[in-house]
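# An overview of the molecular structure
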Amino acid sequence: MLGLSAASGSAALLGGPAAAAAPTAPSGAPPDRPSAVTAAPALGPVVLGPDDPRYVELTTRGYNGRFTGSPDVVHLVGSAGQVVRAVEEAARAGRRVAVRSGGHCFEDFVDDPAVRALIDVSEMTAVSYDPERRVFAVESGATLGRVYRTLYLGWGVTLPGGGCPTVGVGGHVAGGGYGALSRRYGLVVDHLHGVELVVADRSGRARQVTVTRDSTGAERELWWAHTGGGGGNFGVVTRYLFRSPGADGAPGELLPRPPAAVRSVSVGWQWQDLDRESFTRLLRAHGEWHRRHAGLDSPYAELSSGLTLGHRTNGRITMDAALDADRPRSKELLDALVAELTAAAGVPHTAATATTPWLKSVLGGVQWPGGARFKSKSTLLREPWNDRQIGVLHDRLGRGGEEFATAAVYLTYLGGRINAVAPEATAMPHRDCLFSAVHEALWGEEEQTGRQLAWVRGLYRELHADTGGVPVPNAANGGAYVNYPDTDLADPRWNTSGVPWSTLYHRGHYERLRRVKERWDPLDLFHHALGVRPPAG
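Residues numbered from 1 in each chain as written. Predicted model: local features only at pLDDT ≥ 70, side-chain atom pairs only at ≥ 80, totals over all residues. Heavy atoms only, no water.

### What about unusual backbone geometry?
Counted only if it meets this: Runs of H or I in DSSP of at least four residues are treated as helices and runs of E of at least two as strands, each being numbered from the N terminus. The rule is simple: take the accessible area with a 1.4 Å probe, protein chains only, and divide by the maximum for that residue type; under 20% is buried, over 50% is exposed, in between is partly exposed.
Here the phi dihedral of R329 falls at roughly 70°; this positive angle occurs in a residue that is not glycine. Secondary-structure assignment places R329 in the loop between β12 (316–324) and α10 (330–345). Classification of R329 as partly exposed rests on a relative accessible area of 46%. Of note in the backbone geometry, D524 takes a positive phi value of approximately 55° without being a glycine. Here D524 is to be found in the segment after α15 (510–520).

Next up, the structure:
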């Protein structure tokens, strides 16, 4: 779960200089013959319906237990050619189609009763180097953990993605993708050279296309739309192609290199020791400290940091921070951060330090108990929370009994290289934000659903009471993150701002995304509750 990983993934810090060259893995094909079509598929085609015992496995593997789909047919695909056939079949039959990679979607975009054909790409997991195109090719069913392990052990490189190793790259990349390495290396899409995907024309005929950073015209717009426009909008991604802009040389010099190890600190405060005043001092100091060090000129430019505000019945608030263990003065810098925050709070605390090999730090995080019910709501913050909002957090996190023990607010540090990229360069427009906040309720029993939803919705609405209950972009708010979808933002009962959900997620990029939609998915075959809509005709 992305919320849980916000706390656990902060130890996976930004890396150092480019890696040395390493032996190459099997190559892909030249640009005009994508290997995903011509190579022997991993399996299939596997096409099954409700009478097949495998159907339950494939339709219940979504991580949010609130939703279960019932499609007429499931296509478990092993190649782009099989995806082409599945898309054409759905188009001919007039079936609503959805695609599943890792299964971590927060809402029912895949497990929607209206979805009649499910294309599951989870067996397309290859990670390889293509020496002809000089790119790393990652199939869309690969998990982040698979990508990190293969890229690092094979070539000493990585991508600056998220901290939950079971998340699939298919959706993670489409929304931009950030993680503990991002303050130094930017978003995942800042290293996206190309996309191979299956699209359908107005007649329903499907084909695979390859679009890259170097494409022109409509093809380059389709590449751009995949750099933060969100998943489930334009077609079925079969492979992503990665190479950092301007990178040259051996394979180990084409993507970022992580640190050999990270030095981390975890600082904790007990709720029983925090009254409203000390809670306010702590959060105010945390926000101001991180704002002061957000730029690339700070000695903390490589810092990874996350704050977990657990519910009072959980008993604890935690800040995790990390630096490259080989960085000069890394211990001194972390100690100074801890000293400033603990002095501001003025109450007892605990602190634990560790030095961990980088790969172990990203593969060993807290894992999400798939199948639990949850509701997550997102805010991208340009400024730290103000005192009114800190008061709301203090009061709301202390409201309710033990059934809310797993509720929390997670605050992840942004800035750095993320904010050094022009907002129009990619479809991810939020290049001026300081923090990403996730507000989350998590529960097991269906009978708790109403109370849990009311708790997290009430918290979110009160935090944003000055802007109609949602984070309308302004001096303090950036909006919301498209990879954390929340259908409440499109519901006038919860969004009373008059600002559409599309502005919260896409700001001024939405009309450009709609033109891409019109060109590449004229049948509107790929859509969901917060999907890019074609221009009004």
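From this point, the discussion proceeds with the structure in view.
### Looking at the packing of aromatic side chains
Inclusion rule: When the centres of two rings from Phe, Tyr and Trp lie within 6.5 Å, Trp using its six-membered ring, the rings pair. Their planes under 30 degrees apart give stacked, over 60 give edge-to-face, and anything left gives tilted.
What the rule picks out here adds up to 16 aromatic pairs. Look at W271 and F279: their rings are 5.2 Å apart centre to centre, the planes differ by 20°, and that puts the pair in the stacked class. The same class applies to W271 as to F279, namely buried. Joined through ring pairs, the aromatic side chains of F106, Y178, F374, Y481 and Y484 make up one cluster.

### As for the state of the cysteines
Here is the rule we go by: Two cysteine sulfurs form a disulfide in these notes if their separation is within 2.5 Å.
Taken as a whole and judged by the stated rule, the model has zero disulfides. Looking at the unpaired C105, the closest cysteine sulfur is the one in C164, lying at 14 Å.

### A look at the sheet that holds strand β14 (residues 373–381)
Note the cut-off: Strands are treated as partners if at least two bridges between them are detected by DSSP. Axis geometry follows a simple rule: fit a line to the C-alpha atoms, using only the stretch in contact for helices, then measure angles between N-to-C directions, giving values from 0 to 180 degrees. Residues are treated as being in contact if the distance between any of their heavy atoms lies within 4.5 Å.
An order of β13-β10-β12-β11-β15-β16-β14-β17 is seen for the eight strands of this open sheet, with the pairing classed as antiparallel. If you trace the sheet from one side to the other, it starts and ends with β13 (350–357) and β17 (477–479), each paired once. Each strand axis lies, on average, 20° off the axis of its neighbour in the sheet, ignoring direction. Direction of pairing for strand β11 (residues 304–310) relative to strand β15 (residues 408–413): antiparallel, over a ladder of five bridges. Within the sheet, the bridge partner assigned to G310 lies in β15 and is A408. In this fold helix α9 (residues 276–292) packs onto β10 (261–270), β11, β12, β15 and β16 (435–443), with an angle of close to 160° to the strand it touches most, β11.

### Concerning helix α13 (residues 449–463)
Under the convention used in this document: Here a helix's expected span is defined as the number of its residues, less one, multiplied by 1.5 Å.
If you check α13, its first and last C-alpha atoms are 21 Å apart, about what 15 residues at 1.5 Å a residue would give, namely 21 Å. Listing the buried residues of α13 in full gives T449, Q452, L453, W455, V456, R457, G458, L459, Y460 and L463. Considering only its buried residues, α13 is in contact with β14, α12 (387–396), β15 and β16.

### Considerations on α9
Compared with the 24 Å implied by 1.5 Å per residue over 17 residues, the 24 Å span of α9 between its first and last C-alpha is a close match. Those residues of α9 that sit buried are S278, F279, T280, L282, L283, A285, H286, G287, W289 and H290.

### Details of the environment of H439
Note the following rule: Any pair of nitrogen or oxygen atoms within 3.5 Å is treated as a polar contact; in protein, a donor-acceptor pairing is required on top of that, and neighbouring residues in sequence qualify only through side-chain atoms on both sides.
Mapped onto the secondary structure, H439 falls in strand β16. Sequence separation of H439 and A407 is 32 residues, and the distance between their C-alpha atoms is 8.0 Å. One polar contact links the side chain of H439 to the main-chain carbonyl oxygen of K377, over a distance of 2.7 Å.

### Overview of the pairing of β14
Across the nine residues of β14, nine count as buried, placing the element largely inside the fold. Where burial is concerned, the two faces of β14 agree: the one with R373, K375, K377, T379 and L381 and the one with F374, S376, S378 and L380 are both buried. For β14 and β16, the ladder comprises nine bridges, and the chain directions are antiparallel. Bridged to K375 within β16 is A441. In the sheet, β14 pairs with β17 via two bridges, with the strands oriented antiparallel. Its bridge partner lying in β17, L380 is registered against G479.

The quantities given are spatial measurements derived from coordinates; they are silent on function.
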